[in-house]
Amino acid sequence: MLFLIDIFFFMEYTIKVNKKSDTFCKLKFCKTLCSYHNTARGAINMKTNHKELHNWIKEMAVMCQPDNVVWVDGSREQKESLEKEALSTGELMPLDQNKWPGCIYHRTAVNDVARTENLTYICTKRKEDALPNNNWMSPEEGYKKAGAIFKGSMKGRTMYVIPFSMGPIGSPFSKIGVELTDSIYVVLNMLIMTRVGPEVLAELGPDGEFTRGLHGKADLDLERRLILHFPEDNTIWSVGSGYGGNVLLGKKCLALRIASWMARNEGWLAEHMLIMGIENPAGNVEYVAAAFPSACGKTNLAMLVPPDFLKDQGYRVWTVGDDIAWLRIGDDGRLRAINPETGFFGVVPGTNAKSNPNALETIRKNTIFTNVLLTDDGDIWWEQGDDPPPPEGTAWDGTRWKPGLEDRNGNYIHGAHPNSRFTSPVTQCPSISPEWDNPEGVPISALIFGGKRSKLAPLVYESFSWQHGVFLGATMASERTAAQYGKLGEVRRDPMAMLPFCGYNMGDYFSHWLKMGKRIKHPPRIFHVNWFRTDENGNFLWPGFGENLRVLKWILDRTNGKKEAIKTPIGYLPSINSLDLDGLDVTTATMERLVEVKIADWERELQDIKKHFSQFGEKLPQELRDELHSLERRLEKSRHAVG
Ligand code: GTP
Ligand code: SPV
Ligand code: MN
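All of these numbers come straight from a predicted model, not from anything done at the bench. (Residues numbered from 1 in each chain as written. Chains lettered and ligands numbered in written order. Predicted model: local features only at pLDDT ≥ 70, side-chain atom pairs only at ≥ 80, totals over all residues. Heavy atoms only, no water.)

### A word on unusual backbone geometry
In this chain, Leu131 is followed by Pro132 through a cis amide linkage whose omega measures -5°. Within the secondary structure layout, Pro132 lies in the loop between β4 (120–123) and β5 (135–137). One non-glycine residue with positive phi stands out, namely Ala218, at about 50°. With respect to the helices, strands and loops of the structure, Ala218 is situated in the loop between β9 (211–216) and β10 (226–230). (Helix = DSSP H or I, 4+ residues; strand = E, 2+ residues; numbered from the N terminus.)

Right, dumping it as structure tokens:
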């Protein structure tokens, strides 16, 4: 019988189940195994003789017991038929096709609207390889716990097999994954976010390395939800969720947590960074990559529209990526970056013609909208968009909604969830860079860290060296906003914006960054920005959005040795005169506050950094201790100088 199974598995998927195998199918588990060959429409080209891949799919199917196994081939026909199916079951909802051509709507379960960091684990043999920045479980326990939830969870459902590439197929940057999922919503998102199709299997060949991703919705019970990463097995198991970052396994799970592990072993960097090109009036394009924590403005910056004053001079911005960057040292001795994704999974609320016109244009067609407000005539709406609220509709949680609704405590009730998202192809973005899928990546001139700091951090400053830049990244922090739980304004350290995404011990991660710097012949300079400094009334001092280009201009001028800077204890700062502020309505007094370095505040910050560093113990690289002491000395000196 085993022999029979093997024969079947080496056959192409176009072969229909014949009479003989029909009897065979009556045997235990064989329903699943036979339908493995019984292809979906359009999956004709999905052939592979990768034995390990077949064995793994078989094993997972035996565990999850789906009724069918269907290969996803990236074809338009299959996409359309899956959409139709999901619309018929209510998994997706239609939108007015005149207003939103090619767009569909999805609502997640009410308890399933954001990544669940508390249920996300790194499962390594040794605990210290994952701590202190991750939840840890042993691989045995992880497989056992999640396995018990997966067991039989796909009965009555179809298991889709999605072979995908993160990065251009065949690029030295790229990695291949295969996601098994019982969610059509996941399939449709993956088709936008990653490269899917027979080319991926061809690239994989008979024995290529791939990330094994298993996702199952199970019963969407918060108590039975686990997002597990097994970096030693190149495996991800995600069960009990249907929300973006938990289930689109190519994104945070592979492209950051698993990839950061691979990157350390292979000598590159996998980062939570946008990538953008800035074209000057002479037509030269220079690229920067920037790491800001979730919901701190990566998508906005990546799609920046220059203010008229700079546009008229000939400045242009090119979007390469808005969330993830994979960086390698090129033959030219520069750091080069690719965006491994092919889509944007962006925050909807707050997207309007003023804040992000390019995003607005991007999401007009062929977009999946998740958890925004749905009107009865197939239109959608979100807070801080351009349109006034509709008289009524259905909110993200499925309840009836109308403007002015308040809860018992008088709080505003949202129509769209604050973390509602759009999924759109990057190619629809008006500012998409012609280099966005260059398999060699783009050369990076500057790396930028940033977060929301209402008080402390100046608008922009430059590190003294790569090592000092790593210190800036390792100590960066962001304040909790009203939308997050925890104490309002409380500072959370989020090194390199990777706290929820670094798949291994963060002390080792800092060491890896330091090592990388030594290997790059022409390293990019490292900067820190903060668009979020406020006045006493909580108003932003800096206009932000398009005007951020003025800061990027200063950054690039610095990397080209063109602008003077003022040396302060925390780094190099621009003098107000060195920033191009023409045509900008910001007073000199405000500018002075934006670049102010208050020594007393930084001394308090220093104490907090010490606490932050102490959690890494022995793993904290000596270089970062040195940087801490140097900062302490510079602050002391400066305090004495001031008197
Ligand atoms: P993730 O997709 O979760 O990783 O988020 P992101 O980093 O891409 O954040 P996004 O660009 O979606 O922005 C989040 C919020 O920051 C939005 O509410 C924006 O309005 C706000 N924001 C972005 N840029 C600026 C800025 O320059 N100034 C101010 N004041 N707010 C900004
Ligand atoms: C983030 O939270 O950083 C996101 C959204 O980009 S998710 O894909 O859910 O992680
Ligand atoms: Mn993100």
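### Overview of the site of ligand 1
The immediate surroundings of ligand 1 are formed by 18 residues, with Ala295, Lys298, Asn300, Arg421 and Phe545 found nearest. The separation between an oxygen atom of ligand 1 and a polar side-chain atom of Asn548 is 3.0 Å. With the chains in place, 87% of the 660 Å² that ligand 1 exposes on its own is no longer accessible. A per-element tally of the shell around ligand 1 places helix α11 (residues 298–302) first, with three residues. Tallied by class, the residues present in the shell around ligand 1 amount to eight nonpolar, seven polar and three charged. (Near = heavy atom within 4 Å. Polar contact = N/O pair within 3.5 Å; in protein donor to acceptor, adjacent residues only side chain to side chain. Areas by Shrake-Rupley, 256 points an atom, 1.4 Å probe, with all protein chains shown as cover. Nonpolar A, V, L, I, M, F, W, Y, C, P; charged D, E, K, R; others polar.)

### Re the pairing of strand β24 (residues 421–425)
Of all five residues that make up β24, five are buried, and the element is covered over most of its length. By the alternation rule, side chains of β24 split into Arg421, Thr423 and Pro425 and Phe422 and Ser424, which are all buried. In the sheet, strand β18 (residues 343–347) pairs with β24 via five bridges, with the strands oriented antiparallel. The residue of β24 that forms the bridge with Val347 is Arg421. (Buried < 20%, exposed > 50% of the residue type's maximum accessible area, 1.4 Å probe, protein only. Pairing = 2+ DSSP bridges.)

### Considerations on the sheet that holds β24
With respect to topology, five strands assemble into an open sheet ordered β2-β3-β19-β24-β18, the strand pairing being mixed. Where the open sheet ends on each side, the last strands, each with one partner, are β2 (93–94) and β18. Taken together, the two bridges between β2 and strand β3 (residues 104–106) define a ladder with antiparallel strand orientation. What sits directly across from Met93, in β3, is Tyr105.

### Here we look at the environment of Ala446
Position of Ala446 relative to the elements: it lies in strand β25 (residues 442–450). Distance in space between the C-alpha atoms of Ala446 and Tyr287 is 7.2 Å, their sequence separation being 159 residues. Filtering out sequence-adjacent residues up to four positions away, Ala446 remains in contact with Tyr287, Val288, Ala289, Pro524, Arg525, Phe527, Ile555 and Thr559. (Contact = heavy atoms within 4.5 Å.)

### Description of the coordination of the manganese ion (ligand 3)
The manganese ion (ligand 3) binds to the protein through Lys252 (NZ), His272 (NE2) and Asp323 (OD), with metal-donor distances spanning 2.1 to 2.7 Å. Classification of the site at the manganese ion (ligand 3) rests on its six donor atoms, whose angles at the metal span 64 to 168°, yielding the label irregular. Look at where the donors of the manganese ion (ligand 3) fall in the sequence and you get K-x19-H-x50-D. Placement of His272 in the loop between β12 (269–271) and β13 (274–279) and of Asp323 in the loop between β15 (316–321) and β16 (325–329) is noted, with a sequence separation of 51 residues between them. Across this residue pair, the class does not change: His272 and Asp323 are buried. (Donors = N, O, S within 2.8 Å, 3.2 Å for Na, K, Ca; no water. Tetrahedral: all angles 85-135°; square planar, octahedral: opposite > 155°, others 65-115°.)

### A closer look at the pairing of β15
Here β15 lies mainly inside the structure; five of its six residues are buried. Taken together, the five bridges between β13 and β15 define a ladder with antiparallel strand orientation. Considered in β15, the bridge of Ile275 is made with Gly321.

### Considerations on the nonpolar core
Soluble globular proteins tend to pack their nonpolar side chains together in the buried interior. Membership of the largest hydrophobic core comes to 129 residues, with the highest contact counts inside it found for Trp326, Leu447, Trp513 and Ile555. Within the second largest apolar cluster, 33 residues are counted, among which are Phe210, Leu214, Ala218 and Trp237. (Core = buried A, V, L, I, M, F, W, Y, C linked by side-chain atoms within 4.5 Å.)

### What to know about the packing of aromatic side chains
Within this structure, the stated rule accounts for 22 aromatic pairs. Where Tyr504 meets Tyr509, the ring centres are 6.1 Å apart and the plane angle is 75°; that geometry is what we call edge-to-face. For the residue pair Tyr504 and Tyr509, the accessibility class agrees, reading buried in each case. Taking the centre distance of 5.8 Å and the plane angle of 70° together, the rings of Phe532 and Phe540 count as edge-to-face. Given the relative accessible area of 17%, Phe532 is considered buried. Through a chain of ring-to-ring contacts, the aromatic side chains of Tyr143, Phe150, Phe230 and Trp237 assemble into a single cluster. Directly above the aromatic system of Phe464 lies the positively charged group of Lys567, at a separation of 5.2 Å from the ring centroid. (Phe/Tyr/Trp six-rings, centres within 6.5 Å; stacked < 30°, edge-to-face > 60°. Lys NZ or Arg CZ within 6 Å of the ring centre and 35° of its normal.)

### Side note on the side chain of Asp182
Within the secondary structure layout, Asp182 lies in the loop between β7 (175–181) and α7 (184–193). Using a relative accessible area of 5% as the deciding quantity, one classes Asp182 as buried. At 2.9 Å, the side chain of Asp182 forms a polar contact with the side chain of Arg157. Here the side chain of Asp182 touches Lys217 through a polar contact of 3.0 Å, landing on its backbone nitrogen. Sequence-distant contacts of Asp182, defined by excluding residues within four places in its chain, comprise Ser153, Met154, Arg157, Thr158, His215, Gly216, Lys217 and Ala218.

### So, helix α15 (residues 506–519)
Helix length check: α15, at 14 residues, gives a terminal C-alpha distance of 20 Å against a target of 20 Å (1.5 Å per residue), a fit within 8%. Where burial is concerned, most of α15 is hidden: 10 out of the 14 residues are buried. Among the residues of α15, Met506, Gly507, Asp508, Tyr509, Phe510, His512, Trp513, Leu514, Met516 and Gly517 are the ones counted as buried. Its side-chain oxygen 2.7 Å from the backbone nitrogen of Gly507, Asn505 forms the N-cap of α15. (Expected span 1.5 Å × (residues − 1).)

### Examining the site of ligand 2
In the neighbourhood of ligand 2, the contacting residues comprise Arg115, Tyr243, Gly245, Lys251, Lys252, His272, Ser294, Asp323, Phe345, Arg421 and Phe501. A distance of 2.9 Å is found between an oxygen atom of ligand 2 and a side-chain nitrogen or oxygen belonging to Tyr243. Measuring from an oxygen atom of ligand 2, one finds a side-chain N or O atom of Asp323 at 3.4 Å. Across the complex, the protein chains shield 95% of the 290 Å² of accessible surface that ligand 2 would expose by itself.

### Some remarks on helix α14 (residues 466–475)
Counting buried positions along α14 gives nine out of 10 residues, so the element sits mostly inside the fold. What α14 keeps buried is the set Trp466, His468, Gly469, Val470, Phe471, Leu472, Gly473, Ala474 and Thr475.

### What to know about the environment of Phe532
With respect to the helices, strands and loops of the structure, Phe532 is situated in the loop between β29 (525–529) and α16 (548–559). Along the sequence, Phe532 and Lys455 sit 77 residues apart, while their C-alpha atoms lie 8.4 Å from each other. In contact with Phe532, not counting residues within four places along its chain, are Cys296, Gly451, Lys452, Arg453, Ser454 and Phe540.

### Here we look at the packing of helix α5 (residues 76–89) against α7
Contact geometry of α5 with α7 gives a least axis separation of 10 Å together with a crossing angle of 145°. Note that α5 runs across α7; the crossing there is left-handed. Residues Lys79, Leu82, Glu83, Glu85 and Ala86 of α5 form the contact with α7, whose own contacting residues are Ile184, Val187, Leu188 and Leu191. The class makeup of the residues in the contact of α5 with α7 is six nonpolar, no polar and three charged. (Axes fitted to C-alpha atoms, helices over the stretch in contact; angles between N-to-C directions. Left-handed = near helix turned anticlockwise from the far one by under 90°.)

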